[in-house]
Amino acid sequence: MRSKLYHHSIFDATDHVPSWWVQSAPAFTATDESLPPEVVEVAIIGGGYTGLSTAYHLAKFHNIQSHVLEAGPIGWGASGRNGGFCAPFPTALGFQDLQRKYGDDETRRFVASQVEAVHRVREIARDENYSIDSQGEGVWCVAHSPKVYRALEDAAAGYQHFGIKSTVLSGDAFGAEVHHSTEQFGGMWQEAGFGLHPMKAARGLAQAAQTAGAKLHEKCTVTAWQKQGAVHVLETEKGVIRANSVIIATNGFSPEGLMPPITKNVVPLLSNIIVTRPLSEDEVAAQNWQTETPIYNTRNLLFYYRMLPGNRFLFGGRGDMTGTPRAGEKMRALLTRQLGEVFPAWKTAEITHFWRGLVCMARNMTPAMGRLPDDPSVLFALAYHGDGVAASHGAGQLLADILAGRKMETDIPLPMRGPPQNLPIPSLKRWYLRASLGYYAFQDFMSR
Ligand SMILES: Cc1cc2nc3c(=O)[nH]c(=O)nc-3n(C[C@H](O)[C@H](O)[C@H](O)COP(=O)(O)OP(=O)(O)OC[C@H]3O[C@@H](n4cnc5c(N)ncnc54)[C@H](O)[C@@H]3O)c2cc1C
């Protein structure tokens, strides 16, 4: 039941990818090795932030025990290996697109829910006493060419319309106050967001869920799923588990055949990250680097970057279309070259870590969340469009409230309510991907 879109190694969950995060986080092992034979109330497929947040909120606030079934170790998916930007807006649509499509009130509700989700990440860590290595305040967006500087002013006005503080700096001011680079022509800061250590966040949340009463099962791939009467029968590597309700929390790693109305209509996309050795103070000063706040730029195929504690520099960008190990090596070389082009002083800094993983897109370019229309005992939350750290924590909380009967599906803001929009011909996913990557690369070229 794996996706045919990428090389099988992308789905090999035997061990974590060799990220800086896995090297620098305390170990975590789920305590529940065996599966219970009887019917369980709730099974959650996927042990990333979505699944863990759902399990945590169910146990902690509704006294409902759930079983999280994770193919790899906990946090194996995107949750343990992302860039650590805890920021709002898991959508490829801008504010104006959202307003046009869903109206101002629903857009406002969506925006508020996502800002709340950012705060929720810090709140849970604080309440449950785990460290997420929170860094910086807000998020910077940098103009990658002079032509797009105006767009920053428009974006700042959008943030302000929704009550989020935002400021714009000219290229000179940004260079003096934030950093120099060959691709900075001004920057826009907005207050909602911060940087974190993704694996510490995943393992901390897992520990909190487990302490609250959730059962976590690692190395427990769901290989088949059928319904017998009102009960879901899930076949796993460790045996069969029967559940009254099932939550799909598999995001970019969703096997296409798992629950086709949901999983065949999402499009996984590779994203790559490199991390340098610790930079010296002189090297840091050579780019006038002054911030801990996460930064991304205005390219469609964007760069995202942060200075990590200890002055390691994290630099991320788009992935390839196949996921083969050879393509991975090429992408590592490309990203290393791009880092050197954008930050010339760090051109020769050794790259100590490279890894990649899948983000998840949908045709309507917004997340998908709710109950399956023809089976309300199946719930789902996925398709965060590369911005799922905060959104998945928030989605888990809301899914738990809905499952516990405290909230309704109508409490899900409209832009993210319901299944992902059907792809016209799901088997052509690879071609949709190629076409959109080509289109965005062309737009980036034209905007320089
Ligand atoms: C390289 C990279 C950088 C990113 N950077 C950022 C960022 O800086 N900020 C941001 O907001 N977002 C970022 N994201 C996206 C973000 O990490 C995700 O949106 C978020 O982690 C999704 O969480 P999740 O729990 O829904 O999915 P995941 O964390 O991907 O978890 C899904 C889990 O489901 C499991 N699974 C799949 N199929 C089965 C099965 N059949 N049986 C059992 N288990 C199964 C997988 O093993 C996986 O662990 C990034 C993603 C990547 C890959």
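Residues numbered from 1 in each chain as written. Predicted model: local features only at pLDDT ≥ 70, side-chain atom pairs only at ≥ 80, totals over all residues.

**Student:** Go over the overall build of the protein chain, please, and point to the residues and values.
**Tutor:** When helices and strands are tallied, the protein chain shows eleven helices and 18 strands. Whereas a compact globule of 448 residues would reach a radius of gyration of roughly 22 Å, the protein chain reaches 21 Å, a difference of no more than 12%. Projected onto its principal axes, the C-alpha positions of the protein chain cover 65 × 45 × 45 Å. Taking as baseline every contact in the protein chain between residues at least 6 positions apart, the subset at least 24 positions apart corresponds to 78%. (Helix = DSSP H or I, 4+ residues; strand = E, 2+ residues; numbered from the N terminus. Rg over C-alpha atoms; globule rule 2.2 N^0.38 Å. Contact = placed C-beta atoms within 7 Å.)

**Student:** Tell me what's going on with the site of the ligand, and back it up with residues and numbers.
**Tutor:** The local shell around the ligand holds 46 residues, among which Gly48, Gly77, Gly83, Gly357 and Gly388 are the closest. Elements represented by at least two residues in the shell around the ligand include exactly helix H2 (49-62), strand E12 (266-276), strand E16 (351-362) and helix H10 (388-403). For the shell around the ligand, the element with the most residues is E16, which contributes four residues. Residue composition of the shell around the ligand, grouped by class: 21 nonpolar, 21 polar and four charged. (Near = placed C-beta within 6 Å. Nonpolar A, V, L, I, M, F, W, Y, C, P; charged D, E, K, R; others polar.)

**Student:** I'd like a rundown of the environment of histidine 161, residues and numbers included.
**Tutor:** Counting through the fold element by element, histidine 161 comes out in helix H4 (residues 149-161). When the 16 C-beta atoms within 10 Å are taken as the criterion, histidine 161 is described as partly exposed. It is 9.6 Å that separates the C-alpha atoms of histidine 161 and phenylalanine 95, two residues lying 66 residues apart in sequence. (Buried ≥ 20, exposed ≤ 12 C-beta atoms within 10 Å, placed from the backbone.)

**Student:** Would you mind going over the pairing of strand E17 (residues 368-372) in detail, with residue names and values included?
**Tutor:** By the bridge criterion, five bridges tie E17 to strand E18 (residues 375-382) in an arrangement that is antiparallel. Across the sheet, the residue bridging to glycine 370 is phenylalanine 380, located in E18. Between E17 and the antiparallel strand that follows it, E18, lie two residues. (Pairing = 2+ DSSP bridges.)

**Student:** Give a detailed account of H2, specifying residues and quantitative values.
**Tutor:** Every α-helix winds through 3.6 residues per turn, so residues three or four apart in the chain are directed the same way. For H2, spanning 14 residues, the distance from its first C-alpha to its last is 18 Å, which sits close to the expected 20 Å at 1.5 Å a residue. In terms of residue burial, H2 counts as a mostly covered element, since eleven of its 14 residues are buried. Every buried residue of H2 is listed here: Tyr49, Thr50, Gly51, Leu52, Ser53, Thr54, Ala55, Tyr56, His57, Leu58 and Ala59. Elements that come into contact with the buried residues of H2 comprise strand E1 (39-45), strand E2 (66-69), helix H6 (198-212), strand E11 (239-248), E18 and H10. In the stretch just after H2, asparagine 63 is the one whose phi turns positive, near 55 degrees. (Expected span 1.5 Å × (residues − 1).)

**Student:** So what's going on with the sheet that holds E12? Which residues, and what values?
**Tutor:** Reading across the sheet, the eight strands line up as E5-E6-E4-E13-E14-E15-E12-E16 and stay open at both edges, with mixed pairing between neighbours. Each edge of the open sheet carries a strand with a single partner, namely strand E5 (166-169) and E16. Here the strands of the sheet are splayed against their neighbours by 20 degrees on average, with no regard to which way each runs. Taken together, the four bridges between strand E14 (residues 304-307) and strand E15 (residues 313-318) define a ladder with antiparallel strand orientation. Note on E15: the bridge partner recorded for tyrosine 305 is phenylalanine 315. Contacting strand E4 (139-142), E5 and strand E6 (187-190), H4 crosses the sheet at an angle of about 165 degrees to E5. Here helix H9 (residues 325-342) sits on the sheet and contacts E12, E15 and E16; the angle it forms with E12, its principal contact strand, is near 55 degrees. (Axes fitted to C-alpha atoms, helices over the stretch in contact; angles between N-to-C directions.)

**Student:** Can you explain the packing of helix H3 (residues 95-128) against H10? Please cite residues and give values.
**Tutor:** Where H3 meets H10, the axes come as close as 8 Å, and the angle between the chain directions of the two elements is 85 degrees. Judged by the inter-axis angle, H3 sits roughly perpendicular to H10. Contacts between H3 and H10 involve Ser113, Gln114, Glu116, Ala117, Val118, Arg120, Val121 and Ile124 on the former and, on the latter, Val389, Ala390, Ala391, His393, Gly394 and Gln397. Of the residues in the contact of H3 with H10, the class split is seven nonpolar, five polar and two charged. (Parallel < 35°, antiparallel > 145°, perpendicular 65-115°, else oblique.)

**Student:** Can you tell me about H4, naming the residues and giving the values?
**Tutor:** For H4, built from 13 residues, the straight-helix expectation of 18 Å at 1.5 Å per residue is met to within 8% by its first-to-last C-alpha distance of 19 Å. Residues of H4 that are buried include every one of Leu152, Ala155 and Tyr159, and no others. Down the axis of H4, the buried side of the element spans an arc of 65 degrees, and every buried residue falls inside it. Pointing more than 90 degrees away from the buried face of H4 are the exposed residues Arg150 and Ala157. Looking at the buried side of H4, the elements it contacts are E4, E5 and E6. (Arc of directions from axis to C-beta.)

Any functional reading would require information that these geometric values do not contain.
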